Amino acid sequence: MKVANGNDKLGKGCLVVSRPVGDTCPNSCAFLGNGCYAEQTEKMYPNVRPAGMQNVITERGRIRAMILDAKRQGKSIRWHERGDWFLNGELDTNYVDNVVWACESILADGDSLPDMWFYTHTYDSRLVSMGQYMNVYASIHNEKDYNDAKSAGFKRFAWCDSDQKIAPKRPRSKAKAAAWRDSLPKLVVLHGEKYVTCPEIRRGRGVVTCTPTKGSVSCDLCVRGLANVLFPSH
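Residues numbered from 1 in each chain as written. Predicted model: local features only at pLDDT ≥ 70, side-chain atom pairs only at ≥ 80, totals over all residues. Heavy atoms only, no water.

### With respect to the pairing of strand S6 (residues 116-120)
Turning to step 1, where the next piece is worked out: Buried residues dominate S6, accounting for 5 of its 5 residues.
Turning to step 2, where the next piece is worked out: Here S6 shows no split at all, with Met116, Phe118 and Thr120 on one side and Trp117 and Tyr119 on the other all buried.
Turning to step 3, where the next piece is worked out: Pairing between strand S3 (residues 76-79) and S6: 3 bridges, direction parallel. Bridging across to S6, Arg78 finds its partner in Trp117. (Buried < 20%, exposed > 50% of the residue type's maximum accessible area, 1.4 Å probe, protein only. Helix = DSSP H or I, 4+ residues; strand = E, 2+ residues; numbered from the N terminus. Pairing = 2+ DSSP bridges.)

### Section: the state of the cysteines
Turning to step 1, where the next piece is worked out: Within the structure shown, the criterion is met by 0 disulfides.
Turning to step 2, where the next piece is worked out: Its sulfur unpaired, Cys36 is 6.3 Å from the next cysteine sulfur, which belongs to Cys29.
Turning to step 3, where the next piece is worked out: Among the residues examined, Cys36 registers a relative accessible area of 14% and is labelled buried.
Turning to step 4, where the next piece is worked out: Cysteine Cys198 is unpaired, with the sulfur of Cys210 as its nearest cysteine sulfur at 6.0 Å. (Disulfide = S-S within 2.5 Å.)

### Focus: the sheet that holds strand S7 (residues 135-140)
Turning to step 1, where the next piece is worked out: Pairing is mixed across the open sheet formed by 9 strands, whose spatial order is S1-S2-S3-S6-S7-S8-S13-S10-S9. Because the sheet does not close on itself, it has two edges, and the strands there are strand S1 (3-5) and strand S9 (187-190). Direction aside, the axes of adjacent strands within the sheet are offset by 30 degrees on average.
Turning to step 2, where the next piece is worked out: As paired strands, S7 and strand S8 (residues 157-161) are joined by 3 bridges and run parallel to one another. Bridge assignment links Ile140 to a residue of S8, and that residue is Trp159.
Turning to step 3, where the next piece is worked out: Relative to the sheet, helix H3 (residues 60-72) contacts S1, strand S2 (14-17), S3 and S6, its axis offset from that of S3 by approximately 135 degrees.
Turning to step 4, where the next piece is worked out: Of the strands in this sheet, S7, S8 and strand S10 (193-197) touch helix H6 (residues 143-152), which is tilted by about 165 degrees from S8. (Axes fitted to C-alpha atoms, helices over the stretch in contact; angles between N-to-C directions. Contact = heavy atoms within 4.5 Å.)

Rendered as structure tokens:
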């Protein structure tokens, strides 16, 4: 598996697995060609997409080795900073089966798994069942998405406020961005579900990161699946 170390947002306490944007995403994803951060990253950095392409065809033994390597390093795994569980217009069941086999193989040896988490636009019950190995979040941005994910059995949700109904988009200037962060709610309730505003966005990545890193506070909210999360438009 092609992996990378964490970044300024995620922190240095995780390994990151990515796949090519679009090729591995459901066609129904409203963000494709419409402000997808991962898609913009591929356009900005020429080496990013080829790296993700290396994880289109997977081998279960290499997935197992990657998981064990993360544990050896004391790191968590962020699945799919870019890309998703789809391929050729449908759920990539071969990939899912390989990941499940790798996790089961490690557990069968009496070992434990590192913390792992992902967000997905693929609302499929087969991904919900992966919650026994990692923390599974349905990435949603409206009531329809929520209802579709809820019907598929998802228990945790990551609400992306792309419509800016909770807060306007983060300003570019540092002074205005600081005031914007201060104005963000800590907690919101949407359709009966409580969402914690992403601490990294609300307080700034110089203060909070998803995983442990020098000079910042480790959030671990999504890493450990502690609550639903709201991502204000940024």
